[in-house]
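Letter by letter, the chains look like this.
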Amino acid sequence: MSKKNASSCACVILAAGEGKRMKSSLPKIAHLLGGRPLLAHVLDAAAAAGPSALLAVIPPRTPALEEILRGRAEAVIQDEKLGTGDALRRAAPRLRGLEGEVVVLCGDVPLIRPETVAGLLALHRERGWTATVLGSVVDVPRGYGRIVRGEDGLVRKIVEDVEADAAQKDIREINSGIYCFSSPAVWDVLEKIGNRNRQGEYYLTDAVHLLVNSGAPVGIMSVPASEILGVNSRRQLAEAEKVFQARACARLWENGVTVLCPETVYLEAGIEVGPDTVLGPFAAVETGAVIGRGCRLGPFVRVCAGEKIADGAVRSGAPANRGE
């Protein structure tokens, strides 16, 4: 990659996880959330940073992921699962000429908002930190790395759950695995990461530790826990879908649409619904659908992908007659 000016940035999506708990032949991040692959949501969020380069680190021989990335991001292959630090190092040859920042996102964290990615980059630049960690305060931090702050509020260390002492286990601020690093400092520190741990892997948290120990400032940005919800199982996918549906309903309400029974309505990404339209119980609106103003749809109406409904339309359906 050719050298850019200091206002440029790159985004790297770490997307090489196997997702064994999904018990599926489909790559984990190709599963659908709101009618679109998990990875597609992260690509949308990454675009908010206005990157001059957008890369995704994926496993070999995954045509489903390559199709999602086509025309949107460059694929980088991680042929051995050697950790998050190794994954980012795979992207280094494409980005070493970069003067600016490297935003690191996770392909299995699809609920991060575009404005959060843009805000992470802006805060990092404003404060002049060498690295910025995206974190969250949660009620039950078990299983997550804890963020230990110094008196100045900056990050001092990230302690994994299995290594935390009693006091550290009480910390409720956790690491999301999402970061913003300054370049070229990030590439220098990646070369110093070791793999002397039980998994024999290279971790990005070690890059944070090395930066702190060198005296470089490492800051933190905190967001609601729903934004950093990871998807590693079918149960977690269902939990993410609940959050997505709640957000989708909220957007419609803000735009003057009535959703009568939001707990029954199903909304996919990329829909348009005009004001004063009413969606009745068990309505389903699929990706790309455009619904006009003042419509009344439902109960039991399905608006198919790409379908267009004129202003003032009235449509209702009925559940199948089980007695037939």
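Above this note sits the structure.
Since the model is a prediction, treat every value here as computed from it, not as a measurement.

Analysis parameters
- Residues numbered from 1 in each chain as written.
- Predicted model: local features only at pLDDT ≥ 70, side-chain atom pairs only at ≥ 80, totals over all residues.
- Heavy atoms only, no water.
- Helix = DSSP H or I, 4+ residues; strand = E, 2+ residues; numbered from the N terminus.
- Rg over C-alpha atoms; globule rule 2.2 N^0.38 Å.
- Buried < 20%, exposed > 50% of the residue type's maximum accessible area, 1.4 Å probe, protein only.
- Contact = heavy atoms within 4.5 Å.
- Areas by Shrake-Rupley, 256 points an atom, 1.4 Å probe, with all protein chains shown as cover.
- Lys, Arg positive; Asp, Glu negative; His and termini not counted.
- Charge placed at Lys NZ, Arg CZ, Asp CG, Glu CD.
- Arc of directions from axis to C-beta.
- Phe/Tyr/Trp six-rings, centres within 6.5 Å; stacked < 30°, edge-to-face > 60°.
- Lys NZ or Arg CZ within 6 Å of the ring centre and 35° of its normal.
- Pairing = 2+ DSSP bridges.
- Core = buried A, V, L, I, M, F, W, Y, C linked by side-chain atoms within 4.5 Å.

Peer 1: What am I meant to see in the overall build of the protein here?
Peer 2: Looking only at helices and strands, the protein features eight helices and 21 strands. In terms of C-alpha radius of gyration, the protein reaches 22 Å, essentially the compact-globule figure of 20 Å for 324 residues. Overall, the C-alpha framework of the protein stretches about 70 × 50 × 40 Å when taken along its three principal axes. Counting every position in the protein, which comprises 324 residues, the buried fraction comes to 51%. Long-range pairs, those at least 24 residues apart, make up 58% of the contacts in the protein with a sequence separation of at least 6. Per element, the accessible surface of the protein, about 15,500 Å² overall, is 50% carbon and sulfur. The distance from the centre of the 39 positive side-chain charges to the centre of the 38 negative ones in the protein is 2 Å.

Peer 1: Whenever I open this one, helix α7 (residues 204-213) confuses me. Can you help?
Peer 2: Along an α-helix, residues three or four positions apart point the same way, because every turn accommodates 3.6 residues. Buried within α7 are the following residues: Leu 204, Thr 205, Ala 207, Val 208, Leu 211 and Val 212. Projected down its long axis, α7 shows its buried positions confined to an angular sector of 155°, all on one face. Just downstream of α7 lies Gly 215, where phi reads positive at about 95°.

Peer 1: Help me understand the packing of aromatic side chains, please; the structure alone is not making it clear to me.
Peer 2: Following the criterion strictly, the structure yields two aromatic pairs and no others. For the ring pair Phe 282 and Phe 300, a centre distance of 4.9 Å and an interplane angle of 0° mean the geometry is stacked. Remark: Phe 300 occurs in the loop between β18 (296-297) and β19 (302-303) and Phe 282 occurs in the loop between β15 (278-279) and β16 (284-285); sequence separation between them is 18 residues. Classification of Phe 300 by relative accessible area gives partly exposed; the value is 35%. The ring centre of Tyr 202 lies 4.4 Å from the NZ or CZ of Arg 89, which sits over that ring.

Peer 1: Help me understand the sheet that holds β15, please; the structure alone is not making it clear to me.
Peer 2: Strand pairing in a sheet takes place through backbone hydrogen bonds and is either antiparallel or parallel in direction. The sheet built from four strands is open, its strands ordered β12-β15-β18-β21 with parallel pairing. Every interior strand has two partners, whereas the edge strands, β12 (258-259) and β21 (314-315), have only one. Bridge count between β18 and β21: two bridges; the pairing is parallel. By the bridge assignment, Arg 296 is partnered in β21 with Val 314.

Peer 1: Explain the sheet that holds strand β20 (residues 308-309) to me, please; I cannot follow it from the model alone.
Peer 2: One open sheet holds the three strands; their spatial order is β14-β17-β20, and the pairing between them is parallel. The outermost strands of the open sheet, each flanked by one partner alone, are β14 (272-273) and β20. Examined bridge by bridge, strand β17 (residues 290-291) and β20 share two bridges and lie parallel to one another. Considered in β20, the bridge of Ile 291 is made with Ile 309.

Peer 1: I tried to follow the nonpolar core on my own but got confused; where do I start?
Peer 2: The tendency in soluble globular proteins is for nonpolar side chains to be buried side by side. In this structure, Ile 13, Leu 39, Leu 105, Leu 267 and Leu 279 are the most contacted members of the largest nonpolar core, which totals 68 residues. Mapped onto this core, the elements with two or more residues apiece are β1 (8-14), α1 (38-47), β4 (53-58), α2 (63-69), β6 (100-106), α4 (114-127), β10 (173-183) and α8 (234-254). The greatest single-element share of this core, amounting to seven residues, is contributed by α1. Residues contacting Leu 39, with those up to four places away along its chain left out, are Ile 13, Ala 15, Ile 29, Leu 65, Ile 68, Leu 69 and Gly 107. Counting residues in hydrophobic clusters, the runner-up holds 36 residues, among them Leu 88, Ile 147, Val 155 and Tyr 202.

The analysis is restricted to geometry; functional conclusions fall outside its scope.
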